[in-house]
Amino acid sequence: MNSTLGKGKGKFGTSAVFLTAISTILGAIMFLRFGYAVANVGFMGTLVIILIGHAVTIPTALALAEIATNKKVEGGGEYYIISRSFGSVPGAAIGISLFFSQAISVAFYMIAFAEAFRPLFDIIKSQYGIEIVDPRIVSLPALIILMVIVLKKGADIGMKLLYVVVFFLFIALVLFFMGNTGYAQSFSSERLFQTISSPADFFLVFAICFPAFTGMTAGVGLSGDLRDSRKSIPMGTLAATLCGMVIYVAIAFKLAVSATPQELAGDQMAMLKIALWGPIIPIGLACATISSALGSALVAPRTLQALANDHVIPLPRLNAWLSKGTGAHNEPTNASAVVFGVSVAIVMLGDVDFVAQVISMFFMVTYGSICLISFLEHFAADPSYRPVFRSRWYISLFGAVACILLMFKMSTPYAIMSIAVMSTIYLMVSYANTDKKGLAVIFQGTIFQTSRMLQVFLQKSSRNEQEDRWRPSVVCISSASFERFDAFDILRWLSHRVGFGMYIHYITGYLSRATMDESRGVLKRLVRLADVSHSNIYVDTIVSPSYATALANVVQLPGISGKENNLILFEFARNSHDNLDEIIGNYRMVASAGFDLCVLGSSDRGFGYHREIHIWLGPHDFRNATLMILLGYIVLGHPDWKRGEIKLFASFPEEDLEGERKHLLEMVTKGRLPISPKNVELIIADPRCSRFDVVRSRSQDADLIVIGFAGDAILHNKEKLFEGYEGLGNILWVNAQKAIDLSREETAEDDGDVATDESEPLKPVGPLSKSGELDDASS
C-alpha cells in the first residue's frame, strides 16, 4: 500500500468494529421482512434460514479473523486482505465490485429509511388530508444530510453518531421483547410450525432475508483507523456475528408466539403492535437503516481510496485525486464525494430491487473469496503465513462452497449476471495492469504442495511393484534448442496425452553467475516455446563443463510424473553430424542405466506434411520392434498427425518369412495398433541389395522414418550406422533394452476401428533387383 494510508495513528478499538458490524447486521430486513419469513415458513423454517445464512457468515468471519491476524491490515479492509492474499489483479476486480456494492448499499438503506416514515405519512393524510406518495421526499434530504456530516466530520462524527444510533436500536429491541399480546397468553408448541395457507417458496424467503445476515465484515473497513487491527478485527467481527445470530433467533421466536401468521404476512410493521411502546419500532427502523447507511458510507470511501493507492484505475490523475486524504488521519474526502454521488443517482432512480439483488450476489462473491483464501493458505503451507488465530480448512472450504451454491439457489439469473460482471471487471483490470499478479499465482502454493504429496504417494505405491504397462517417460538433452526444433516437436508429440516429456537445454561451461544468468534467460525462452506450441513438456536447463557429466546428471533426474524416466532422446543434424560423436561415446552409460535410446537425425525437410510414418523392421529388431511401433502409434495420436498413417516394412530372409509374417500379424493384432494389414509390407532380404537402397526406394516421401539398431552396431560402426540415408526426411533410430509387451486384456466389445482380420494376409514382396551388398552397418 502507498505510505499515505499509514499516516496518523489509529484511534478506534474493538468496540468500533463491533458496533459497525452489528449496526449493519441488524438492519431494515429485521424490521420489515422477518415477520414475512415467520408467516411463510414458520419459526422452525426461519430458524433453518438463520442457520443456513450463518453457515456462510460464520466461516467468513473466522477466515477474516485468520487472515487479518497474519499481517497488519492497512486501509481498505476487505479489499486489502483479498488483494494482498489473492493477488493484485483478482483483488482489484473483487475490490471494485465490493466498492460498488458498498456505495449502492448507502442508497438502498436510505430508501429503507424512508419506509420508517410510512406511519407518519398516514397520520398526515388522516389529519391534514395531505397524501405523500413518493418516499424520496425523505430519503433524498436524509442522504444529503448524511453526506454533509461524513464529508465535514469524517470517521470521528460517524463513530459518535454510530454510538447514538446503536443506543436507540438497543432500546427498540428491548421494548419489543418486553411487549405482549393477547395471542401470546396461550402458548402452544404448534405455533412454531404454523404458516399461512399458501406460503412462498423457501429459497425465495431465504433470498429476501439473507441480506439481514450480511454486514459482519463492515468493521474491517475501518482497519486503517484501528489501534490494533490484529486484535480488534477478529474479536469485533466474531462477536457481532454471533450476537446477531442470537438476536435473530430471539426475534423470530417472539414473532411466532405473539401474532398469527396471517397478521405477520399482512402487516410489515407487525413488530409495532407487539412492542411495549409501538412508536419505538419506526424509530428503531430509522436507526437501523441510518446506521447501516452510515456504516457503508464510512467503509466504501476507504475501499475506493485503497484501490486508487494501488493504481488500479488506468487514469493516473484520477488515482491521485481519489487517494488524496485530509487531516491527520487521512480522511478519504474525495472518495466520499464519489460514493455519495453514486448514492444520489441510485436514490433518484427510486426502485433498487434489481440492484439490491445484484448487491447480494457481489457480497456472496466477496465472502466466498475470503473463505477460499483461508482454505488455499492452509494447503499452501507458506512460511510467511503465520496467523495468530487459525480457523479450520474444512470450515473455510464449506463456507466457499456454500456461497456458490446459495448464489444459484437464491437466483440463477442474478448469479450468472454477477459472475459475468466480475469476469468483465477482471479482464479490464488485467488488461490495464499487465505488470501485476493475476489468477496464475493464486493456486501456486497449493499446487506445489499437491504435487509433492502426489509424487511421494506414487513413489511409495510403486516401491514394490513392477510396471504392468509401458508408457514413455522421455528426457531429451540438446544444446541446439533454438537452431533445430525437431527434437522438441517429437517430444511434445510423445507427451501430448500418453507419455511424459522433459526437455533439458545443455549449456557448456562451469557454474558461475554468468552461466546462471544465461540459463535463466534460456529457460524463459523455453517456457515461452512450450507455451506457444501448446505442449505438455517440462523444460529446464543444465550447466556442465562436459557433455558426459551433463548426461550423467540427466539420467539420474526423477521423472516429472512420479515415475522414473525410461527413454532418452538425442538429436543431431544429418548434414553436419555436429554432436554425433558425443552421443555414440556415451551410449554405454545410457544403456547401463537401463534407458531405451532414441536418436533423431534431422534434415532440412523436417517432418514434412505429417502424413506418413514409415517403420522399418529387420531380423535383429526383436527387442526394438514393439517400441518402434508403439512410438509411431503415440506420435500418430497428436492432432498434428490427425491425417497421418503408419506403414510397416519388414525385411527378412526368405526362409524366415512365413514365421515372421505370423509373428508380426499377431503383434499388431494383440497390441491393437492402428496399422492395417494393407499398410504392412514384407520384403525378402537380398544380400546383394543394401538396406539403405531398400529404405530410400520406399520411404523417400515419408515424413518420419523409424529404424531400429542393435547396441553392438553403434559401438562397432559408429557414425557409419547413421550414414547413407541422403535425400530422406527425419529419421528416428531406436534401441530398446528389452522387448515391450503390447498385449492387454480387453473385452470383445472394444471398438474395432483397427483392422486385425487375417482375411487380408500379409504377402511378401520380391527382392529389389539392384546390385549391392549388405554392409556391416545395415546388419
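Residues numbered from 1 in each chain as written. Predicted model: local features only at pLDDT ≥ 70, side-chain atom pairs only at ≥ 80, totals over all residues. Heavy atoms only, no water.

### Some details on the overall build of the protein chain
Right, so step 1: Within the protein chain, the regular secondary structure consists of 27 helices and 11 strands.
Right, so step 2: Burial statistics for the protein chain: of 779 residues in total, 54% are counted as buried.
Right, so step 3: When contacts within the protein chain are restricted to residue pairs at least 6 apart in sequence, those whose partners lie at least 24 apart make up 84%.
Right, so step 4: Accessible area for the protein chain stands at about 35600 Å²; split by element, carbon and sulfur atoms hold 58% of it. (Helix = DSSP H or I, 4+ residues; strand = E, 2+ residues; numbered from the N terminus. Buried < 20%, exposed > 50% of the residue type's maximum accessible area, 1.4 Å probe, protein only. Contact = heavy atoms within 4.5 Å. Areas by Shrake-Rupley, 256 points an atom, 1.4 Å probe, with all protein chains shown as cover.)

### A closer look at empty space enclosed by the protein
Right, so step 1: If you walk through the whole model with that rule in mind, you get four cavities of 30 Å³ or more.
Right, so step 2: Taken as a whole, the second largest cavity encloses approximately 50 Å³ of empty space.
Right, so step 3: Looking at the second largest cavity, the residues that line it are V38, G42, F43, Y183, R191, Q194, A256, A259, T260, P261 and L264.
Right, so step 4: Those elements that place two or more of their residues in the lining of the second largest cavity are α3 (34–68) and α10 (261–266). (1 Å grid on protein atoms, 1.4 Å probe; cavity = no way out; pocket = protein on both sides within 12 Å on 5 of 7 lines; lining within 4 Å. Points joined across faces, edges and corners; volume = space filled by probe spheres on them.)

### Quick word on the pairing of strand β3 (residues 537–544)
Right, so step 1: A large share of β3 lies buried, amounting to six of its eight residues.
Right, so step 2: Pairing analysis gives eight bridges linking strand β2 (residues 500–508) to β3, with the strands arranged parallel. Across the sheet, Y506 pairs through a bridge with I542, a residue of β3.
Right, so step 3: Following the chain from β2 across helix α20 (residues 513–532) to the adjacent parallel β3, one finds a crossover that is right-handed. (Pairing = 2+ DSSP bridges. Right-handed = clockwise from strand over helix to strand, strands pointing away.)

### Brief notes about the packing of aromatic side chains
Each aromatic ring pair is characterised by the separation of its centres together with the angle its planes make.
Right, so step 1: Inspection of the entire model under this criterion finds 25 aromatic pairs.
Right, so step 2: Centroid distance F375 to W393: 6.2 Å. Interplanar angle 45°. Geometry classified as tilted. Residue F375 is located in helix α15 (residues 353–380), and its partner W393 is located in helix α16 (residues 393–410); the two are separated by 18 residues in the primary sequence. (Phe/Tyr/Trp six-rings, centres within 6.5 Å; stacked < 30°, edge-to-face > 60°.)

### Focus: the nonpolar core
Right, so step 1: Counting residues in each nonpolar core, the largest one holds 130 residues, and the members touching the most others are L26, Y248 and L255.
Right, so step 2: One finds C476, I490, L600 and L732 within the second-largest nonpolar core, a separate group that totals 50 residues. (Core = buried A, V, L, I, M, F, W, Y, C linked by side-chain atoms within 4.5 Å.)

### So, a nonpolar patch on the surface
Right, so step 1: A cluster of nonpolar residues, V164, F167, F168, F170, V174, M178, L276, W277 and I283, forms a patch on the protein surface that exposes about 860 Å² of accessible area.
Right, so step 2: No other element matches the six residues that helix α7 (residues 136–178) contributes to the nonpolar patch.
Right, so step 3: As for its position among the elements, W277 is in the loop between α11 (270–274) and α12 (280–309).
Right, so step 4: For W277, a relative accessible area of 46% puts it in the partly exposed group. (Patch = residues over 30% accessible without salt bridge, like charges linked within 9 Å, V, L, I, M, F, W, Y side chains within 5 Å. Salt bridge = Lys/Arg side-chain N within 4 Å of Asp/Glu carboxyl O.)

### Quick notes on the packing of α3 against helix α9 (residues 229–258)
Right, so step 1: Where α3 meets α9, the closest approach of the two axes is 9 Å, and the angle between their N-to-C directions is 175°. The angle between α3 and α9 places the two elements in the roughly antiparallel class.
Right, so step 2: Counted by class, the contact of α3 with α9 contains 23 nonpolar, seven polar and one charged residues. (Axes fitted to C-alpha atoms, helices over the stretch in contact; angles between N-to-C directions. Parallel < 35°, antiparallel > 145°, perpendicular 65-115°, else oblique. Nonpolar A, V, L, I, M, F, W, Y, C, P; charged D, E, K, R; others polar.)

### Concerning a negative patch on the surface
Right, so step 1: Together, D581, E582, E719, E723 and E726 make up a region of like negative charge exposed at the surface.
Right, so step 2: Looking at the element boundaries, E719 is found in the loop between α27 (711–717) and β10 (730–735).
Right, so step 3: A residue is classified by how much of its surface remains accessible, and E719, at 31% relative accessible area, is partly exposed. (Lys, Arg positive; Asp, Glu negative; His and termini not counted. Charge placed at Lys NZ, Arg CZ, Asp CG, Glu CD.)

### Considerations on the pattern of salt bridges
Right, so step 1: One pass over the structure, following the stated rule, counts seven salt bridges.
Right, so step 2: Between R492 and D640 there is a salt bridge whose closest N-O contact spans 3.0 Å. With a gap of 148 residues between them, R492 in helix α19 (residues 486–494) and D640 in the loop between α24 (624–636) and β7 (645–652) connect regions that are remote in the sequence.
Right, so step 3: Of the charged contacts, one joins E681 and R698 as a salt bridge, the two residues approaching to 2.8 Å between their closest N and O atoms. Taken together, the residues span a long stretch of sequence, with E681 in strand β8 (residues 680–684) and R698 in helix α26 (residues 691–699) at a distance of 17 residues.
Right, so step 4: When its relative accessible area of 23% is taken as the criterion, E681 is described as partly exposed.
Right, so step 5: Residues joined by salt bridges that share partners form a network here, namely D489, R492 and D640.

### With respect to the packing of α12 against helix α13 (residues 316–323)
Two numbers describe a pair of packed helices, the interaxial angle and the distance between the axes.
Right, so step 1: Packing of α12 against α13 leaves a shortest axis separation of 8 Å and a crossing angle of 135°. Relative to α13, the element α12 is oriented oblique. In the crossing of α12 with α13, the sense of the turn from one axis to the other is left-handed. Across from L304, Q305, L307, A308 and N309 in α12, the residues of α13 making contact are N319, L322 and S323.
Right, so step 2: For the contact of α12 with α13, the class distribution of residues is four nonpolar, four polar and no charged. (Left-handed = near helix turned anticlockwise from the far one by under 90°.)

### Some words on the environment of G219
Right, so step 1: Take G219: it is sitting in the loop between α8 (202–209) and α9.
Right, so step 2: Among the residues examined, G219 registers a relative accessible area of 0% and is labelled buried.
Right, so step 3: For G219 and V17, which are 202 residues apart along the polypeptide, the C-alpha to C-alpha distance reads 4.2 Å.
Right, so step 4: When neighbours within four sequence positions are excluded, G219 is seen to be in contact with V17, T20 and A21.

### Thoughts on the confidence of the model for the protein chain
Right, so step 1: Residues of the protein chain with pLDDT of at least 70 account for 85%, and the chain-wide mean is 79.
Right, so step 2: Here residues 1–8 is a poorly scored stretch, pLDDT under 50, and it has 17 contacts once near neighbours within four places are set aside; other chains count.
Right, so step 3: In this model residues 766–779 is a low-confidence stretch, pLDDT under 50, and it forms 32 contacts with partners more than four residues away in sequence or in other chains. (pLDDT = per-residue confidence, 0-100.)

### Some words on unusual backbone geometry
Apart from glycine, the bulk of residues carry a negative phi angle, and the bulk of peptide bonds sit in the trans form.
Right, so step 1: Residue H311 is not a glycine yet carries a positive backbone phi of 55°.
Right, so step 2: Within the secondary structure, H311 sits in the loop between α12 and α13.
Right, so step 3: Taking relative accessible area as the criterion, H311 reaches 48% and is therefore assigned partly exposed.
Right, so step 4: The phi dihedral of K718 falls on the positive side, at around 50°, and the residue is not glycine.

### Points about the side chain of S232
Right, so step 1: Here S232 shows up in helix α9.
Right, so step 2: The exposure class assigned to S232 is buried, which follows from its relative accessible area of 3%.
Right, so step 3: One polar contact links the side chain of S232 to the main-chain amide nitrogen of T14, over a distance of 3.3 Å.
Right, so step 4: Not counting residues up to four positions away in its chain, the partners in contact with S232 are G13, T14, V17, L226 and T237. (Polar contact = N/O pair within 3.5 Å; in protein donor to acceptor, adjacent residues only side chain to side chain.)

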